[in-house]
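# A closer look at the structure
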Amino acid sequence: MPKLFSYGTLQQENVQLATFGRTLVGNKDQLIGYQLGEIEITDEDVLATSGKRFHPILLKTNNPTDKVAGVIFDITDDELAQADRYEVDAYARVEGHFDSGATAWIYADASDLD
């Protein structure tokens with residue numbers, strides 16, 4: 001079962017219901033080697049779903065002391081595909097590593113990745 005880390009709008013119940021058709025269950029954790037930035041969303045569907053014009057975005061630092069708090073959710077393969085459709089092109093899905101030792105998919109700044 002895939003794991004998906006959320007540090008932003010995918011933690012909102014209304015976004016989960018609109019994107020996945022259910023409320024997700026997860027555990028708090030901290031992503032290692034990233035900081036938060038912010039982007040302006042112009043996609044009308046995402047704006048309507050999230051209700052927010054500005055969304056957080058992960059910026060890779062590779063510094064192990066930089067951490068971002070959020071929640072790791074257990075999701076299905078279909079739900080992962082639905083999350084891919086929700087996220088705009090500014091985000092890229094990559095694997096992240098966490099304080100707990102877990103690995104999970106994250107959405108980070110697509111222009112900031114190696």
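Whatever comes next refers back to the structure up there.
Overview of the structure. Everything numeric in this text was worked out from a predicted model, so none of it was measured.

Time to look at the overall build of the protein chain. Scanning the protein chain for helices and strands turns up three helices and seven strands. Secondary structure of the protein chain in N-to-C order comes out as β-α-β-β-α-β-β-α-β-β. C-alpha atoms of the protein chain, sized along the principal axes, occupy 35 × 30 × 20 Å. Burial statistics for the protein chain: of 114 residues in total, 41% are counted as buried. Here the contacts in the protein chain between residues at least 6 apart in sequence split such that 71% fall between residues at least 24 apart. Carbon and sulfur atoms form 46% of the exposed surface of the protein chain, whose accessible area is close to 6,200 Å². Of the charged side chains in the protein chain, 9 are positive and 20 negative, and the gap between their average positions amounts to 5 Å.

Helix-helix packing is characterised by the crossing angle of the two axes and by the distance between the axes. Packing of helix α1 (residues 13-20) against helix α3 (residues 77-86) leaves a shortest axis separation of 9 Å and a crossing angle of 110 degrees. Put simply, α1 runs roughly perpendicular to α3. Read as a crossing pair, α1 and α3 show a hand that is right-handed. Contact residues: α1 offers Val-15, Thr-19 and Phe-20, while α3 offers Glu-79, Gln-82, Ala-83 and Tyr-86. Across the contact of α1 with α3, the residue classes tally to four nonpolar, two polar and one charged.

Another point: the environment of Ala-18. Checked against the element boundaries, Ala-18 lands in helix α1. Relative accessible area serves as the criterion here: at 55%, Ala-18 is assigned to the exposed category.

We now examine the environment of Phe-20. Among the structural elements, Phe-20 can be located in helix α1. For Phe-20 and His-55, which are 35 residues apart along the polypeptide, the C-alpha to C-alpha distance reads 19 Å. In contact with Phe-20, other than residues within four places in its own chain, are Leu-10, Glu-79, Gln-82 and Ala-83.

Of all the seven residues making up strand β7 (residues 103-109), five are buried; the element is thus mostly covered by neighbouring parts of the structure. Relative to β7, strand β6 (residues 91-97) runs antiparallel, the two being bridged by seven bridges. Paired with Tyr-91 across the two strands is Asp-109, which belongs to β7. Connecting the antiparallel pair β6 and β7 is a turn made up of five residues, with Gly-101 showing a positive phi of about 95 degrees.

Generally speaking, a soluble globular protein has its nonpolar side chains buried in company with each other. Within the largest apolar cluster, 29 residues are counted, with the highest numbers of intra-cluster contacts made by Phe-5, Tyr-7, Leu-31, Leu-58 and Ile-106. Of all the secondary structure elements, the ones that give two or more residues to this core are β1 (3-6), α1, β3 (34-40), β4 (54-60), β5 (67-74), α3 and β7. With near-sequence residues (within four places) excluded, Tyr-7 lies in contact with Leu-36, Pro-56, Ile-57, Leu-58, Val-68, Ala-69, Gly-70, Tyr-91 and Tyr-107.

What counts as what
- Residues numbered from 1 in each chain as written.
- Predicted model: local features only at pLDDT ≥ 70, side-chain atom pairs only at ≥ 80, totals over all residues.
- Heavy atoms only, no water.
- Helix = DSSP H or I, 4+ residues; strand = E, 2+ residues; numbered from the N terminus.
- Buried < 20%, exposed > 50% of the residue type's maximum accessible area, 1.4 Å probe, protein only.
- Contact = heavy atoms within 4.5 Å.
- Areas by Shrake-Rupley, 256 points an atom, 1.4 Å probe, with all protein chains shown as cover.
- Lys, Arg positive; Asp, Glu negative; His and termini not counted.
- Charge placed at Lys NZ, Arg CZ, Asp CG, Glu CD.
- Axes fitted to C-alpha atoms, helices over the stretch in contact; angles between N-to-C directions.
- Parallel < 35°, antiparallel > 145°, perpendicular 65-115°, else oblique.
- Left-handed = near helix turned anticlockwise from the far one by under 90°.
- Nonpolar A, V, L, I, M, F, W, Y, C, P; charged D, E, K, R; others polar.
- Pairing = 2+ DSSP bridges.
- Core = buried A, V, L, I, M, F, W, Y, C linked by side-chain atoms within 4.5 Å.

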